[in-house]
Amino acid sequence: MINSESLSQLFPSLEEIPAEHRLDAPIHQVSYVINGDMVPWTGATKTVLSPVCIRHADGSVTQAEIGSHPEMGVTESDQMLEAAVAAYNNGRGEWPTMGVAGRIDCMQAFVKQVVAQRTLIVKLIMWEVGKSLADSRKEFDRTVDYIQATVEALKEMDNANSRFIVVEGTIGQVRRTPLGVVLCMGPYNYPLNETFCTLIPALLMGNTIVFKPPQYGTLLFQPLLEAFRSAFPKGVINTIYAPGEVVVPHMLASGKINVLALIGSSRVADHLKKQHPKSNRLRAILGLDAKNAAIVLPDANLDLAVRECLLGALSFNGQRCTALKMLIVHRSIVDEFLGRLTVALGQLKVGMPWEPGVNITPLPGPHRSAYMTAAIDDATAQGARVINDGGGAFCSTLFYPALVYPVREGMKLYREEQFGPIVPVFAFDDVEEALQYVITSEHGQQVSVFSNDADMIGALVDPLVNQVCRVNINCQCQRGPDVFPFAGRKDSAEGTLSVSDALRAFSIRSMIATKQSEQSKAMLNTIVREHKSTFINTGFLL
Ligand code: G3H
């Protein structure tokens, strides 16, 4: 029987936490990096609570305290921003004028230090956001691979531009150049990976950075402070620890941010963009909300569809922007589908992030359990049912997944991005109903379709690719492999992120042009031969 009491038993007492998975000591971050210096912080601090709770002798549970970090304000955000502006120095700073080879060398020095911190960072991802140990390791390794792939893509891009082109009597050389100061903000669900998926390409292209770590997932950057400080010239990367709503609109209102890189909500992005006094100067690279649907057609392989839908909906408790957040199933198979899904869901292992094979782990705070409960209550008050035993039971941060059916227009779960362990389902009779759900959505990231009928899939793909940016056939929605374009329509994204697209997103093409005269040719040859310019060169990076 799954209920609050049984879930509370899944939290460990202090002694029950396996020694190898404990944090040796709480991480109290008492310094920060500014302008190439590690400076002691003596101001206010914020206590960091883990999603993991500790069970006490009296049966109560409380979130584990795992450390603290500086709690800054606008004075410090102004200092950070000034440091980034000074390091960029109108494009004349050491970093934006450094050749690509030099920047790559700095990045390699950084990666080396990152890799050396793997064990602690993985542990911190696990403790700070409640991600399973296996997935925390995956996140770390995927991020290191992403950085290496980005470096290779940059070499390729730069080499392709290391030549002159001659068109209609004009000689040109085109390269990608930085945009200025980038404000980088990542999400809590992939605190390392999604943050670095914007921060690393932004850096490599020669921009300078103000970085605000996610609300949950701040301490895990503490082991990287020394790497940030030592691998790059001073002021290139500056971390601000402060409530976003206090410092971020303030920084944008200064007009000194050139690029807003945000993985977060469309509501926040919408508000922030409006704060910049010169809207045409601000470029936005945004990964936002999504409500990806799976459409299961009558002839679908049900075992496959159930497996993929379960993975898609509940990996990392449904806390992925790409998660399947609505299942739309043909009425002729919906009972069979729900039956099998209920059985498969019942086999998921609920527990603490370090437990082998665990699927469902604690959420960031009790407020997330409260949101899930409110969404389910709203649906059941309007005629839906929780199909699976124990669905929606919770104890503090541990929330047992709920399969909710039938969900319909007017319920929160129909349109809101639940971003958690709830699987809403509705049935359709005519495939046009499923299409209309996607068409009328405010979101447009991805969709999954399940069918073995080539005619049906072919006919569905054509309208769907004009509604979303990836149609997954007989598989769940996901971002990877990371070389594929990751984009979204409507309120789901702005810009495209992939290994090579991100390099383009954080740069702009600039060129030199001259008439194809003997004099110009001689001058260009001299510049190249005598290395008189970083921009004008024909060198090849190996
Ligand atoms: O939260 C959004 C992530 O980028 C999703 O990545 O599909 O590989 O889990 P994923």
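This one's a predicted model, so the numbers in the text were calculated from it and none came from an experiment.

A short note on the sheet that holds strand 11 (residues 259-263)
Step number 1: Across the sheet, 6 strands lie side by side as 10-9-8-11-12-24; this open sheet has mixed pairing. Of all the strands in the sheet, the pair left with one neighbour each is strand 10 (237-239) and strand 24 (493-494).
Step number 2: In this structure, strand 11 lies alongside strand 12 (residues 283-287), joined through 5 bridges in parallel fashion. Counterpart to Ile-263 in the pairing with strand 12 is Gly-287.

Structural notes on the packing of aromatic side chains
Step number 1: Applying the stated rule across the entire model yields 15 aromatic pairs.
Step number 2: Seen in terms of ring centroids, Phe-110 and Phe-232 are 5.3 Å apart; in terms of plane orientation they differ by 45°. Their pairing is tilted. Of the two residues, Phe-110 sits in helix 4 (residues 100-116) while Phe-232 sits in the loop between helix 8 (225-231) and strand 10, which places them 122 residues apart along the sequence. The pair Phe-110 / Phe-232 is uniform in exposure class, with both members buried.
Step number 3: For the pair Phe-211 and Phe-221, a centre-to-centre distance of 4.8 Å together with 75° between the ring planes defines the contact as edge-to-face. One end of the pair, Phe-211, is in strand 9 (residues 208-212); the other, Phe-221, is in the loop between strand 9 and helix 8, and 10 residues separate them in sequence.
Step number 4: Cluster of aromatic residues (ring-pair linked, three or more members): Trp-95, Phe-110, Phe-196, Phe-211, Phe-221, Phe-228 and Phe-232.

Overview of helix 5 (residues 118-129)
Step number 1: For helix 5, built from 12 residues, the straight-helix expectation of 16 Å at 1.5 Å per residue is met to within 8% by its first-to-last C-alpha distance of 16 Å.
Step number 2: Within helix 5, 9 of the 12 residues are buried, which leaves the element mostly enclosed by the surrounding structure.
Step number 3: Of all the positions in helix 5, only Ile-121, Val-122, Lys-123, Leu-124, Ile-125, Met-126, Trp-127, Glu-128 and Val-129 are classed as buried.
Step number 4: Residues of helix 5 that are buried sit in contact with strand 1 (27-28), strand 4 (45-55), strand 5 (61-70), helix 4 and helix 6 (133-160).
Step number 5: Looking one or two residues past helix 5, Gly-130 carries a phi angle of roughly 75°, positive in sign.

Regarding the sheet that holds strand 6 (residues 165-167)
Step number 1: Pairing is antiparallel across the open sheet formed by 3 strands, whose spatial order is 6-7-25. With one partner strand each, in any of the chains shown, strand 6 and strand 25 (507-515) form the two edges of the open sheet. Neighbour-to-neighbour, the strand axes of the sheet open up by a mean angle of 35°, direction not taken into account.
Step number 2: Two strands pair when backbone bridges link them, and strand 7 (residues 170-178) and strand 25 are joined in this way by 9 bridges, in the antiparallel orientation. Across the sheet, residue Gly-172 finds its bridge partner in strand 25, namely Ala-513.

Some words on the site of the ligand
Step number 1: The environment of the ligand is made up of Arg-142, Asn-189, Tyr-190, Glu-194, Arg-320, Cys-321, Thr-322, Gln-478 and Arg-479.
Step number 2: One of the side-chain nitrogen or oxygen atoms of Arg-142 is found 2.9 Å away from an oxygen atom of the ligand.
Step number 3: Between the ligand and the protein, one listed contact pairs an oxygen atom with a side-chain N or O atom of Asn-189 at 2.8 Å.
Step number 4: Against a free-state accessible area of 300 Å², the protein chains account for coverage of 94% of the ligand.
Step number 5: Split into classes, the residues belonging to the shell around the ligand amount to 2 nonpolar, 3 polar and 4 charged.
Step number 6: In terms of domain composition, the shell around the ligand takes at least three residues from each of domain 1 (19-287) and domain 2 (292-489).

Some points on the pattern of salt bridges
Step number 1: One pass over the structure, following the stated rule, counts 21 salt bridges.
Step number 2: Lys-349 is the partner of Glu-355 in a salt bridge, and the nearest nitrogen-oxygen pair spans 3.9 Å.
Step number 3: The exposure class assigned to Glu-355 is partly exposed, which follows from its relative accessible area of 23%.
Step number 4: With its nearest N and O atoms 3.3 Å apart, the salt bridge here joins Lys-521 to Glu-518. Taken together, the positions of Lys-521 and Glu-518, both in helix 18 (residues 518-529) and 3 residues apart, correspond to about one turn of that helix.
Step number 5: Overall, the relative accessible area of 60% leaves Glu-518 in the exposed class.
Step number 6: When salt bridges that share partners are traced, they join Arg-142, Glu-194, Arg-479 and Asp-482 into one network.

As for unusual backbone geometry
Step number 1: Note the cis peptide between Tyr-405 and Pro-406, where omega equals -10°.
Step number 2: Here the amide bond leading from Gly-480 into Pro-481 is cis, since omega sits at -10°, within 30 degrees of zero.
Step number 3: One non-glycine residue, Phe-316, adopts positive backbone phi at about 45°.
Step number 4: Considering the arrangement of structural elements, one finds Phe-316 in the loop between helix 11 (302-314) and strand 14 (324-330).
Step number 5: Residue class for Phe-316 comes out buried when judged on its relative accessible area of 6%.
Step number 6: Even without being a glycine, Ser-396 presents a positive backbone phi close to 50°.

Observations concerning the domain arrangement of the chain
Step number 1: Structurally, the chain comprises domain 1 (19-287) and domain 2 (292-489).
Step number 2: One C-alpha centre belongs to domain 1, the other to domain 2; they are set 31 Å apart.
Step number 3: Taken together, the 21 residues of domain 1 in the interface contact 22 residues of domain 2.
Step number 4: Interface area, domain 1 with domain 2, both sides summed: about 1,900 Å², of which 60% is carbon and sulfur.
Step number 5: Where domain 1 meets domain 2, there are 2 salt bridges.
Step number 6: The tally of links from domain 1 across to domain 2 stands at 9 residue pairs in polar contact (both at pLDDT 80 or more).

About the criteria used
- Residues numbered from 1 in each chain as written.
- Predicted model: local features only at pLDDT ≥ 70, side-chain atom pairs only at ≥ 80, totals over all residues.
- Heavy atoms only, no water.
- Pairing = 2+ DSSP bridges.
- Helix = DSSP H or I, 4+ residues; strand = E, 2+ residues; numbered from the N terminus.
- Phe/Tyr/Trp six-rings, centres within 6.5 Å; stacked < 30°, edge-to-face > 60°.
- Buried < 20%, exposed > 50% of the residue type's maximum accessible area, 1.4 Å probe, protein only.
- Expected span 1.5 Å × (residues − 1).
- Contact = heavy atoms within 4.5 Å.
- Axes fitted to C-alpha atoms, helices over the stretch in contact; angles between N-to-C directions.
- Near = heavy atom within 4 Å.
- Polar contact = N/O pair within 3.5 Å; in protein donor to acceptor, adjacent residues only side chain to side chain.
- Areas by Shrake-Rupley, 256 points an atom, 1.4 Å probe, with all protein chains shown as cover.
- Nonpolar A, V, L, I, M, F, W, Y, C, P; charged D, E, K, R; others polar.
- Domains from an automatic or database assignment.
- Salt bridge = Lys/Arg side-chain N within 4 Å of Asp/Glu carboxyl O.
- Buried area = accessible area lost by both parts, 1.4 Å probe.

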